[in-house]
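# Fold and geometry: a report
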Amino acid sequence: MVTGIGLYVHVPFCWSKCYYCDFFSEPYSTKAVQQYLQALEREARLYITSWLDGREVGSIYIGGGTPTALAVEELERLCGIIAIFPRRADAEWSVEANPDTLTREKLSILHQFGVNRLSLGVQSFDDNLLQFLGRTHSGAKAKAAWQQGRQAGFDNMSLDLIYGIPGQSKNLWQETLSEAVALTPNHISAYGLTIEEGTLFALRQLSPCPEELEIAQYYVAQDILTKAGLLQYEISNFARQGFVCRHNILYWQNESYLGLGPAAVSYLQKERWTNARDLTRYIQCLERGWLPIEERERVTAELEQAETVMLALRLKRGLSRWRFRTRFGQDIVEAYPTVIKRLSKYGLIEIDERRLRLSPRGLLLANQVAMSFLPDDPS
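Residues numbered from 1 in each chain as written. Predicted model: local features only at pLDDT ≥ 70, side-chain atom pairs only at ≥ 80, totals over all residues. Heavy atoms only, no water.

This paragraph deals with helix α11 (residues 301-312). An ideal rise of 1.5 Å per residue puts 16 Å on 12 residues; α11 measures up with 17 Å between its terminal C-alpha atoms. In terms of burial, α11 is largely enclosed, as nine of its 12 residues are buried. Looking only at α11, the buried set comprises Leu-303, Glu-304, Gln-305, Ala-306, Glu-307, Thr-308, Val-309, Met-310 and Ala-312. (Helix = DSSP H or I, 4+ residues; strand = E, 2+ residues; numbered from the N terminus. Expected span 1.5 Å × (residues − 1). Buried < 20%, exposed > 50% of the residue type's maximum accessible area, 1.4 Å probe, protein only.)

Below, the structure written as structure tokens:
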């Protein structure tokens, strides 16, 4: 469990847009970055003075976009803004990076400010697949960037990989995993490719990978990574002992977090809100001294309970019945007797005196299982 709230910072700049990406991002420009950093500092100070109430940050995650697309001086200013938040001495501070945007100078700045976890977006080591995905780096560049990170003193490094890519055979995926394992990462995130609305892949009407092949690749990842000492702790995430991503655990335990930057989401004090998904609106709001909130939702006790179950089921260890009782005053079986009975009947969940978790079959139908816990009317 993460002690202290989580802090997410969205850096909405990329050198180019990957064909599968539906995260909010803008083309990098010096002027836009300077305006963004000014607005980000205003937003940070507004929350520090009015919301945190002395609470410390237990985990920090800088994502995007591509945080390391920023120039050296810009990255230094970004880290300086984040450093004004009160944080625990043992806080985890992660930064996403792309291989072709890393330099020794940028790595040195991250290290100096206390960043202690680097997540490298590799996706594949096959140059043809990288080109197909719209990535701007090569497999060789990814490996070189990885070594640079190690040499810069990062002992906790993660790789992002994608499977289920059209044209990616089972053997090619095995080769990618083998090359990844050879780098001795502390953590690997392996995601199945989804064709999201509004992406270039969707506009091209790209046909997805056959479901049978994607499932086979998922099982291959489980086998190869487990044998390499990277144990699966969440549907898409594998880690060596002691190297699970604490910030993501915070999300999956449905704990509090603050999101800064355009399109960032916050969940604090039984409320969830989303910042403007538009860089100009985000900047203009903060120039006027307003928080750039676009959507706000009051999370009812019923919805909080359902989301706590849904998120915990992503974890391999599942939901702690003790934690659920402590938080909501009743056992999971008392809260959802009909749902538990139905999912057990179909072999999608496993339950004992301590935990509720997905079965191996349930892992493949995780989203459908999770939706079973939603209230009929979440409003």
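We are not done yet, so read on.
Running from N to C, helix α2 (residues 72-82) and helix α3 (residues 104-113) cross one another at 15°; their axes reach a closest spacing of 10 Å. Classed by the angle they form, the pair α2 and α3 counts as roughly parallel. Here the hand of the crossing between α2 and α3 comes out right-handed. For the pair formed by α2 and α3, the contact residues are Val-72, Leu-75, Glu-76, Cys-79 and Gly-80 on the first element and Glu-105, Lys-106, Ile-109, Leu-110 and Phe-113 on the second. (Axes fitted to C-alpha atoms, helices over the stretch in contact; angles between N-to-C directions. Parallel < 35°, antiparallel > 145°, perpendicular 65-115°, else oblique. Left-handed = near helix turned anticlockwise from the far one by under 90°. Contact = heavy atoms within 4.5 Å.)

A few words now on the nonpolar core. Tyr-36, Leu-78 and Phe-373 are the most contacted members of the largest nonpolar core, which totals 89 residues. Examining the composition of this core, we find that eight residues originate from one element, helix α1 (residues 30-50), more than from any other. The contacts of Tyr-36, once residues within four sequence positions are left out, are Val-9, His-10, Val-11, Pro-12, Phe-13, Leu-78, Gly-261, Pro-262, Leu-279, Tyr-282 and Ile-283. Cys-21, Leu-129, Ile-162 and Ile-165 belong to the second largest nonpolar core, which has 10 residues in total. (Core = buried A, V, L, I, M, F, W, Y, C linked by side-chain atoms within 4.5 Å.)

Let us now look at the side chain of His-10. In this fold, His-10 is placed in strand β1 (residues 5-11). You can call His-10 buried: its relative accessible area is 4%. Residues contacting His-10, with those up to four places away along its chain left out, are Phe-24, Tyr-36, Gly-63, Gly-64, Gly-65, Leu-260, Gly-261, Pro-262 and Ala-264.

The next point concerns the sheet that holds strand β17 (residues 355-358). Read across the open sheet, the three strands follow the order β15-β17-β16; overall the sheet is antiparallel. Here the strands that pair on one side only, and so sit at the sheet edges, are β15 (319-320) and β16 (349-351). As defined by bridge partners, β16 adjoins β17 across three bridges and the pair is classed as antiparallel. In the strand pairing of β17, Glu-350 is matched with Arg-357. (Pairing = 2+ DSSP bridges.)

What follows is about the packing of aromatic side chains. Per the counting criterion, the structure on display carries 16 aromatic pairs. With a centroid separation of 4.8 Å and an interplanar angle of 85°, the aromatic rings of Tyr-251 and Tyr-257 are classed as edge-to-face. Accessibility expressed as a relative area gives 24% for Tyr-251, which makes it partly exposed. With 6.0 Å between their ring centres and 55° between their planes, Tyr-257 and Tyr-267 make a pair best called tilted. Placement of Tyr-257 in strand β11 (residues 257-260) and of Tyr-267 in strand β12 (residues 265-268) is noted, with a sequence separation of 10 residues between them. Assessed through its relative accessible area of 13%, Tyr-257 is described here as buried. The exposure class of Tyr-267 is buried, given its relative accessible area of 4%. These aromatic residues form a ring-pair network of at least three members: Tyr-163, Trp-173, Tyr-218 and Tyr-219. It is Lys-143 that lies over the ring of Phe-125; its NZ or CZ is 5.5 Å from the centre. (Phe/Tyr/Trp six-rings, centres within 6.5 Å; stacked < 30°, edge-to-face > 60°. Lys NZ or Arg CZ within 6 Å of the ring centre and 35° of its normal.)

Bringing the packing of α1 against helix α10 (residues 279-287) into the picture now. In the contact formed by α1 and α10, the axes pass within 9 Å of each other and the chain directions differ by 50°. Between α1 and α10, the angle falls in the class oblique. For α1 against α10, the interelement crossing comes out left-handed. The residues of α10 that touch α1, namely those facing Ala-32, Gln-35, Tyr-36, Ala-39, Leu-40, Arg-42, Glu-43 and Leu-46, are Leu-279, Tyr-282, Ile-283, Leu-286 and Glu-287. Each residue belonging to the contact of α1 with α10 can be placed in one class, and the counts come to nine nonpolar, one polar and three charged. (Nonpolar A, V, L, I, M, F, W, Y, C, P; charged D, E, K, R; others polar.)

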